[in-house]
Amino acid sequence: MQTASKKVINGWAMYDWANSAYNLVITSTIFPAYYNAITTTKDAAGNIINHKVQFLGKEFESASLYNYAISFAYLVIALISPILSSIADYKGNKKIFMQFFCYLGSLACCSLFWFQKTTLSLGIAGAILAAIGYCGSLVFYNSYLPEIADDNDRDRVSAKGFAYGYIGSVILQVICFLFVLKPEWLGIKDESFPPRLSFLLVGVWWISFSQITFTRLPKSRAALQNNNNNIFTNGFNELKKVWQQVKHMPVLKRYLFAFFFYSMGVQTVMIAAALFGSQVLGLPATKLIISILLIQIIAIAGAYIMAKLSERFGNLIVLMFVIVIWIGICIWAYFITTEMQFYIIAVLVGLVMGGIQSLSRSTYAKIMPETRDTASFFSFYDVTEKVAIVIGVFSFGFIHELTGNMRDSIIALVVFFIAGLFVLFLAFQKQKFFKSSSPAL
């Protein structure tokens with residue numbers, strides 16, 4: 001196939017620009033910092049007593065409750081995305097589903113404007129719906145990649161999407177950062193207003209810039225087969241059909257298992273980083289936001305560096321190299337005690353975060369067979385990732401709840417990355433054996 005025009009490619013990448021503001025402001029920086037601030041109990045002298053909260057009649061560690069909520073959101077999307085993507089594949093209307101989840105997520109972000117100490121349930125519900133909207137739209141967004149980019153261009157196009165996302169999210173983060181740090185410039189006296197205004201702006205930013213994408217993306221191709229099955233079961237039947245194909249593709253099968261394991265670690269790091277910094281190291285919100293912002297800026301370069309390295313050494317070798325770095329980061333994070341150490345780790349995370357996300361997506365697009373059922377194959381990919389995130393984030397929160405020490409949760413991340421590295425090495429060995437595998441891997 002021929003790669004689509006520059007206008008279409010840039011339009012596709014603009015959705016990363018639009019939605020990545022959610023991933024930075026809501027998932028990684030201002031929301032976790034604000035959530036930690038309003039769920040922390042202090043004495044009259046300002047000393048921290050605990051991080052306990054009441055939710056649905058049960059007491060939780062606030063960080064664990066947040067992790068459980070995000071895990072639930074990812075579980076929901078893992079269950080419903082096969083149904084939706086199958087319908088989109090057969091009818092060729094994946095853009096409509098992408099729009100629905102985009103609007104759900106952006107409006108949920110706007111609703112967080114009303115999240116305060118007395119409305120914890122609203123905050124948790126808004127966070128869940130925003131995560132569902134974000135993840136749900138990505139199922140269909142990612143499935144456009146093999147439709148608009150030739151095999152040889154997918155690393156480059158995928159990297160462009162992530163780079164746009166990092167740039168766009170950093171721009172909005174800086175805007176939000178200004179009035180969070182300097183509310184007096186706008187005459188703001190309510191300390192809760194700047195972060196809540198940030199949540200509103202994320203929703204507006206997301207829904208506004210996504211219109212460029214929806215205007216430029218072509219109507220997706222409908223699958224040739226007839227869909228006569230029940231819509232509630234057909235999606236899972238499609239996943240079963242995809243798995244039947246995957247089972248006979250040794251490289252793809254091992255790659256997906258490896259992706260499953262290391263995704264447990266990668267996504268959990270981004271979700272839990274801010275709360276780890278605030279509750280374990282005692283870093284103030286402003287310094288946490290700076291460190292996460294640093295990750296995003298460096299990740300722009302990381303995505304392109306890893307794409308260039310993959311051209312020279314192959315995707316699987318570069319992915320193994322990146323996972324080794326992740327293992328080192330997690331081991332070091334277990335022992336850190338200072339602010340400077342946290343910043344250094346932030347730099348390293350930024351370097352490998354953009355690279356592993358971009359390269360994982362483009363590697364899958366390369367290994368998967370030529371098919372018109374792209375949404376079903378990417379649904380399988382996304383369900384794999386979402387189930388991994390459910391297990392990873394839930395494990396992180398559960399171990400913290402069990403031991404009372406968030407550092408102990410890091411041990412699970414190390415195990416996940418090591419398992420991913422081992423299985424990825426097996427995929428690499430198979431790729432060398434099967435000469436028919438793509439030489440670009």
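Rules of the game
- Residues numbered from 1 in each chain as written.
- Predicted model: local features only at pLDDT ≥ 70, side-chain atom pairs only at ≥ 80, totals over all residues.
- Heavy atoms only, no water.
- Helix = DSSP H or I, 4+ residues; strand = E, 2+ residues; numbered from the N terminus.
- Rg over C-alpha atoms; globule rule 2.2 N^0.38 Å.
- Buried < 20%, exposed > 50% of the residue type's maximum accessible area, 1.4 Å probe, protein only.
- Areas by Shrake-Rupley, 256 points an atom, 1.4 Å probe, with all protein chains shown as cover.
- Lys, Arg positive; Asp, Glu negative; His and termini not counted.
- Charge placed at Lys NZ, Arg CZ, Asp CG, Glu CD.
- Expected span 1.5 Å × (residues − 1).
- Salt bridge = Lys/Arg side-chain N within 4 Å of Asp/Glu carboxyl O.
- 1 Å grid on protein atoms, 1.4 Å probe; cavity = no way out; pocket = protein on both sides within 12 Å on 5 of 7 lines; lining within 4 Å.
- Points joined across faces, edges and corners; volume = space filled by probe spheres on them.
- Nonpolar A, V, L, I, M, F, W, Y, C, P; charged D, E, K, R; others polar.
- Core = buried A, V, L, I, M, F, W, Y, C linked by side-chain atoms within 4.5 Å.
- Contact = heavy atoms within 4.5 Å.
- Patch = residues over 30% accessible without salt bridge, like charges linked within 9 Å, V, L, I, M, F, W, Y side chains within 5 Å.
- pLDDT = per-residue confidence, 0-100.
- Axes fitted to C-alpha atoms, helices over the stretch in contact; angles between N-to-C directions.
- Parallel < 35°, antiparallel > 145°, perpendicular 65-115°, else oblique.
- Left-handed = near helix turned anticlockwise from the far one by under 90°.
- Pairing = 2+ DSSP bridges.

Caption draft 1: Expanded view of the overall build of the protein. Along its length, the protein carries 15 helices and 4 strands. Over its C-alpha atoms the protein spans a radius of gyration of 21 Å, differing by no more than 12% from the 22 Å that the globule rule assigns to 441 residues. Taken along its principal axes, the extent of the C-alpha atoms in the protein is 70 × 40 × 40 Å. Buried residues in the protein amount to 61% of all 441 residues. Surface summary for the protein: the accessible area is close to 17500 Å², and the carbon and sulfur share equals 66%. With 34 positive and 22 negative side-chain charges, the protein shows a separation of 6 Å between the mean positions of the two kinds.

Caption draft 2: Looking closely at helix 12 (residues 315–335). The terminal C-alpha atoms of helix 12 lie 31 Å apart, and with 21 residues this matches the ideal 30 Å at 1.5 Å per residue to within 8%. Along helix 12, the residues classified as buried are Asn 315, Leu 316, Val 318, Leu 319, Met 320, Val 322, Ile 323, Trp 326, Ile 327, Ile 329, Cys 330 and Ala 333.

Caption draft 3: Examining the pattern of salt bridges more closely. Within this structure, the stated rule accounts for 6 salt bridges. Of the charged contacts, one joins Lys 94 and Glu 147 as a salt bridge, the two residues approaching to 2.9 Å between their closest N and O atoms. Residue Lys 94 is located in helix 4 (residues 94–111), and its partner Glu 147 is located in helix 6 (residues 145–148); the two are separated by 53 residues in the primary sequence. Like Lys 94, the residue Glu 147 is buried in the burial classification. Each of Asp 382, Glu 385 and Lys 386 takes part in one network of salt bridges that share partners.

Caption draft 4: Quick look at the layout of surface pockets. In this structure, the largest pocket encloses a volume near 700 Å³. Along its surface, the largest pocket is lined by 28 residues, and Ala 33, Tyr 34, Ala 37, Glu 191 and Ala 285 are the ones closest to its centre. Elements represented by at least two residues in the lining of the largest pocket include exactly helix 2 (30–38), helix 7 (154–181), helix 8 (193–216) and helix 11 (285–313). The greatest single-element share of the lining of the largest pocket, amounting to 6 residues, is contributed by helix 2. Across the lining of the largest pocket, the residue classes break down as 17 nonpolar, 7 polar and 4 charged.

Caption draft 5: Region of the structure containing empty space enclosed by the protein. Summed over the entire model, instances satisfying the criterion amount to 3 cavities of 30 Å³ or more. One number sums up the size of the largest cavity: a volume of about 520 Å³. Listing elements by their share of the lining of the largest cavity, those giving two or more residues are helix 1 (6–28), helix 5 (120–143), helix 7, helix 10 (250–279), helix 13 (339–367) and helix 14 (374–403). When residues of the lining of the largest cavity are assigned to their parent elements, the largest contribution, 7 residues, is made by helix 10. For the lining of the largest cavity, the residue count by class is 16 nonpolar, 13 polar and 5 charged.

Caption draft 6: Quick peek at unusual backbone geometry. For Leu 56, which is not glycine, the phi torsion reads 55° and is therefore positive. Secondary-structure assignment places Leu 56 in the loop between strand 3 (52–55) and strand 4 (58–61). Using a relative accessible area of 76% as the deciding quantity, one classes Leu 56 as exposed.

Caption draft 7: Quick peek at the nonpolar core. The biggest cluster of nonpolar side chains holds 147 residues, and the ones touching the most others in it are Trp 326 and Tyr 364. If you tally residues by element for this core, the top one is helix 10, at 17 residues. Once residues within four sequence positions are removed from consideration, Tyr 364 is found in contact with Leu 252, Tyr 255, Leu 256, Phe 377, Phe 378, Phe 380 and Tyr 381.

Caption draft 8: Region of the structure containing a nonpolar patch on the surface. A cluster of nonpolar side chains, Val 174, Leu 178, Trp 185 and Leu 186, forms an exposed patch at the surface whose accessible area comes to about 430 Å². Turning to its location among the elements, Trp 185 is positioned in the loop between helix 7 and helix 8. In this structure Trp 185 comes out as exposed when scored by relative accessible area, which is 60%.

Caption draft 9: Structural detail: the confidence of the model for the protein. Here the protein averages 84 in pLDDT, while 90% of its residues score no lower than 70. Mean pLDDT across the elements of the protein ranges from a minimum in strand 2 (residues 48–50), with 69, to a maximum in helix 8, with 94.

Caption draft 10: Region of interest: the packing of helix 11 against helix 13. It is the contact of helix 11 with helix 13, at a shortest axis distance of 6 Å, that shows an interaxial angle of 40°. By the angle between their directions, the pair helix 11 and helix 13 is classed as oblique. When you trace helix 11 past helix 13, the crossing you get is right-handed. Note on element contacts: helix 13 touches helix 11 through Glu 339, Phe 342, Tyr 343, Ala 346, Val 347, Val 349, Gly 350, Leu 351, Gly 354, Gly 355, Ser 358 and Leu 359, opposite Lys 287, Leu 288, Ser 291, Leu 294, Ile 295, Ile 298, Ala 299, Gly 302, Ala 303, Ile 305, Met 306 and Ser 310. When the residues that make up the contact of helix 11 with helix 13 are grouped by side-chain class, the tally is 15 nonpolar, 7 polar and 2 charged.

Caption draft 11: Molecular detail of helix 5. Over its 24 residues, helix 5 extends 35 Å from the first C-alpha to the last, a length consistent with the 34 Å expected when each residue adds 1.5 Å. The buried fraction of helix 5 amounts to 20 of the 24 residues, a majority that puts the element mostly inside the structure.

Caption draft 12: Here's a closer look at the environment of Arg 154. In this structure, Arg 154 sits in helix 7. Considering only alpha carbons, one finds Arg 154 and Leu 84, 70 residues apart in sequence, at a separation of 24 Å.

Caption draft 13: Broad picture of the pairing of strand 4. Strand direction decides the pairing type here: strand 3 and strand 4, joined by 4 bridges, are antiparallel. When the bridges of strand 4 are listed, Phe 55 appears paired with Lys 58. Count of turn residues in the strand 3/strand 4 antiparallel hairpin: 2 residues, of which Leu 56 carries a positive phi of about 55°.

Caption draft 14: Up close: the packing of helix 4 against helix 8. Interaxial distance between helix 4 and helix 8 falls to 7 Å at its minimum, and their mutual angle equals 160°. Judged on the interaxial angle alone, helix 8 and helix 4 are roughly antiparallel. Every pair of crossing elements has a handedness; the one defined by helix 4 and helix 8 is left-handed. Residues Lys 95, Met 98, Gln 99, Cys 102, Tyr 103, Gly 105, Ser 106, Cys 109 and Cys 110 of helix 4 form the contact with helix 8, whose participating residues are Phe 199, Leu 200, Val 202, Gly 203, Val 204, Trp 206, Ile 207, Ser 210, Gln 211, Thr 213 and Phe 214. Split into classes, the residues belonging to the contact of helix 4 with helix 8 amount to 12 nonpolar, 7 polar and 1 charged.

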